[in-house]
Amino acid sequence: MIKALDIWLPAWRRREKYSQHALGTRHVMIAICDHYEPFHGVGKPEAVARVEAWQRDYPKLIEEFRDADGIAPRYSFFYPIEQYDADIVGRLADLCAATGSETEIHLHHDNDTAENLRRTLEQGVERFASHGLLSRDGTGALRYGFIHGNWALDNSHPHGRHCGVNNELRILRQTGCYADFTLPSAPERTQTHTINSVYYARGTDRPKSHDRGRRVRADRDPQQQHEDELLIVQGPLALNWQRKKFGFLPRIENSDLTAVNPPTLERFRLWLDCQVAVEGRPNWVFVKLHTHGAKPENTRMLLGEPMREFHRSLAKLAAKDRTICFHYVTARELVNILHAAEAGHSGNPGQFRDFRYRRVTSGQTEGSMAESRP
C-alpha cells in the first residue's frame, strides 16, 4: 500500500490503547540523531568543506540557548563506518569535544554476511574509539548507538536489499551496540508495526525480528534484558493534519528534519502527542528526531535561522508553560535516562545522563572507566 500505511496506520489508530496520561511537569528529552554522510555524492575536498561548515557554525548556533539543566543543544552524528576517513572523523571528534555532541555508528551495506558484518562493526568501533569517540559501560567495554543505512535494519527490506543479514540484532548486541535509533522509517516498507515506542526486540533467524517487541517498563530491573535482545528507540510517527497534501490529505509526520520541513513548535506539539515514553513513567517523554545534516540544503536549515527559531520557540514555551521542561540530550544520554526510568528513578531526568554508559576521551582506558563507575 502507498506510503506503507497498511503497516503502521492501524497501530496509530489504536494509540489510545497504549496512551499514558502525564500529571504534573512533563520532562521532554530532545535528541537529534543525524545520518551524517559528508561523502554523499562528493569527493574528499567537498566532504571536508561540509564538515568545516559544522565546525564553524554549529558552536555559534548553540551558544545562546540552554535547557532546564543549563546545557546547550546536543547533537549526535551517526557517521557511516564504511566511509571512514581519519581526517573527517578527527574533525568530528574535535567538534564533539568543543560542543558536547557525540558521534555514533551508521552503516550502509548490501548482500552482506554475518561474518563480514561482525568484522566491519568491530573495525568501526576500534577506529572511532581511537579518536576518543563512543562510550563505555561500567566494565570498561566499548559501547555504541547504531543507525542502519537505507532503513533496512535486520534485513527488513521486502526484497532483501541494503542488508542481507538475518539476526543482525544479535551481532549488533555482541559487538557492543546499546540501542538502535533507525526508526521510524515510514514511508519505506521497512517500517515496523510497532510505532512510537521504546522496546526490546529479540533477534531471530528471520528478517525484521524487531517488528514487535517487549515494551520498556518502569520499575523493572534493567539487568533483566536478555542477551539476544536489542533496545529499539523510535522517533515520533503520526499523521499531520496541519500540513496537508493537495489541500485535504494529511502528510506523514516521521520526525525527519529537512530544509522543506524544519522543526517548528507545531511539529513539537505533535511529537509530544506521540508520547514515546517508558511504560509507567509518562512524565518523561523521548523525542528522537533524525536528519541528513551533511546535505547542503539541510545544513543551511540546521545551522541557520529555522533552527534558531525552533530553539527560541522552545525557550518561550518553557517560560510560558511551567508544566513543560525540556532537556537537550545526545543519543547516549537519552538511553541512559531511559534506563534510569526503567530502574524506577523519577524526578529530574537530567541527573541521569551518565546512568549506565559514559562518554570517554582518547586518554581514558578500560581500567580508569571501571574505577570511575558509580
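Residues numbered from 1 in each chain as written. Predicted model: local features only at pLDDT ≥ 70, side-chain atom pairs only at ≥ 80, totals over all residues. Heavy atoms only, no water.

*Asks:* Can you break down the overall build of the protein residue by residue, with the values?
*Replies:* Of regular secondary structure, the protein possesses 10 helices and 15 strands. A globule of 374 residues ought to have a C-alpha radius of gyration of about 21 Å, and the protein, at 19 Å, matches this closely. Expressed along its principal axes, the backbone C-alpha trace of the protein runs to roughly 45 × 45 × 45 Å. Within the protein, contacts between residues at least 6 apart in sequence are counted, and of these 74% link residues at least 24 apart. (Helix = DSSP H or I, 4+ residues; strand = E, 2+ residues; numbered from the N terminus. Rg over C-alpha atoms; globule rule 2.2 N^0.38 Å. Contact = heavy atoms within 4.5 Å.)

*Asks:* How would you explain the pattern of salt bridges if you had to name every residue and give the values?
*Replies:* Taken as a whole, this structure holds 22 salt bridges when the rule is applied. The salt bridge involving Glu305 is made with Arg312; its shortest N-O contact spans 2.6 Å. Relative accessible area serves as the criterion here: at 45%, Glu305 is assigned to the partly exposed category. (Salt bridge = Lys/Arg side-chain N within 4 Å of Asp/Glu carboxyl O. Buried < 20%, exposed > 50% of the residue type's maximum accessible area, 1.4 Å probe, protein only.)

*Asks:* Give me the pairing of strand 5 (residues 142-148): which residues, what numbers.
*Replies:* For strand 5, the buried fraction is high: six of the seven residues fall into the buried class. Two elements, strand 3 (residues 102-107) and strand 5, share three bridges in a ladder whose sense is parallel. In the sheet register, His106 faces strand 5, and the bridge partner there is Ile147. Where strand 4 (residues 135-136) meets strand 5, two bridges bridge the pair, whose relative direction is antiparallel. Paired with Ser135 across the two strands is Arg143, which belongs to strand 5. Of the strand pairs in this sheet, strand 5 and strand 6 (residues 177-180) are connected by three bridges, and their pairing is parallel. Bridge pairing in strand 6 links Phe146 to Asp180. (Pairing = 2+ DSSP bridges.)

*Asks:* So what about the environment of Val216? Which residues, and what values?
*Replies:* Along the chain, the position of Val216 falls in the loop between strand 8 (214-215) and strand 9 (229-233). Considering only alpha carbons, one finds Val216 and His106, 110 residues apart in sequence, at a separation of 24 Å. Each residue touching Val216, except ones within four places of it in the same chain, is listed here: Val198, Tyr199, Tyr200, Leu231, Val278, Glu279, Leu338 and Glu342.

*Asks:* I'd like a description of the packing of helix 2 (residues 44-62) against helix 3 (residues 86-99), backed by residues and values.
*Replies:* In the contact formed by helix 2 and helix 3, the axes pass within 10 Å of each other and the chain directions differ by 0°. Relative to helix 3, the element helix 2 is oriented roughly parallel. Within the contact between the two elements, helix 2 uses Lys44, Ala47, Val48, Val51, Glu52, Trp54, Gln55, Tyr58, Pro59 and Ile62 and helix 3 uses Asp87, Ile88, Arg91, Asp94, Leu95 and Thr99. Residue composition of the contact of helix 2 with helix 3, grouped by class: nine nonpolar, two polar and five charged. (Axes fitted to C-alpha atoms, helices over the stretch in contact; angles between N-to-C directions. Parallel < 35°, antiparallel > 145°, perpendicular 65-115°, else oblique. Nonpolar A, V, L, I, M, F, W, Y, C, P; charged D, E, K, R; others polar.)

*Asks:* I'd like a description of helix 9 (residues 331-342), backed by residues and values.
*Replies:* It helps to recall that an α-helix has 3.6 residues per turn; residues three or four apart then point in one direction. Over its 12 residues, helix 9 extends 17 Å from the first C-alpha to the last, a length consistent with the 16 Å expected when each residue adds 1.5 Å. The element helix 9 is largely enclosed, with a buried count of 12 among its 12 residues. Of the positions making up helix 9, those classed as buried are Ala331, Arg332, Glu333, Leu334, Val335, Asn336, Ile337, Leu338, His339, Ala340, Ala341 and Glu342. Remark: Gly344 follows helix 9 within two positions and exhibits a positive phi of approximately 100°. (Expected span 1.5 Å × (residues − 1).)

*Asks:* Residues and numbers for the side chain of Asp137, please.
*Replies:* Following the sequence through the fold, Asp137 ends up in the loop between strand 4 and strand 5. Reaching out from Asp137, the side chain makes a polar contact with the side chain of Thr139 at a distance of 2.7 Å. In this structure, Asp137 is in contact with Arg143, Arg356 and Tyr357, ignoring residues within four places of it in sequence. (Polar contact = N/O pair within 3.5 Å; in protein donor to acceptor, adjacent residues only side chain to side chain.)

*Asks:* Please give an account of the packing of helix 6 (residues 265-273) against helix 8 (residues 305-320) that cites residues and values.
*Replies:* Helix packing for two helices is described by the angle between their axes and how far apart those axes are. At a minimum axis distance of 10 Å, the contact between helix 6 and helix 8 shows a crossing angle of 60°. Contact with helix 6, carried on its side by Leu265, Phe268, Arg269 and Trp271, involves Phe310, Ser313, Leu314 and Leu317 of helix 8 and no other residues of that element. Classifying every residue of the contact of helix 6 with helix 8 by side-chain character gives six nonpolar, one polar and one charged.

*Asks:* Go over the confidence of the model for the protein, please, and point to the residues and values.
*Replies:* Residues of the protein with pLDDT of at least 70 account for 92%, and the chain-wide mean is 92. Across residues 363-374 the pLDDT falls below 50, and counting only partners more than four positions away or on other chains, this stretch makes 17 contacts in the model. (pLDDT = per-residue confidence, 0-100.)

*Asks:* Explain empty space enclosed by the protein to me, using residue names and the numbers behind them.
*Replies:* All told, the structure shown has three cavities of 30 Å³ or more when counted by the stated rule. As for the largest cavity, its lining consists of Cys96, Ser101, Glu102, Thr103, Glu104, Gly132, Leu133, Leu134, Ser135, Arg332 and Arg359. Here the residues of the lining of the largest cavity sort into three nonpolar, four polar and four charged. (1 Å grid on protein atoms, 1.4 Å probe; cavity = no way out; pocket = protein on both sides within 12 Å on 5 of 7 lines; lining within 4 Å. Points joined across faces, edges and corners; volume = space filled by probe spheres on them.)

*Asks:* Help me get a handle on the layout of surface pockets, residues and values and all.
*Replies:* Quantified by volume, the second largest pocket comes out at close to 560 Å³. Lys3, Lys245, Pro250, Arg251 and Ile252 are, among the 19 residues lining the second largest pocket, the residues nearest its centre. For the lining of the second largest pocket, the secondary-structure elements that each account for two or more residues are helix 1 (5-13), strand 10 (238-245) and strand 11 (249-253). The residue inventory of the lining of the second largest pocket, partitioned by class, reads 11 nonpolar, three polar and five charged.

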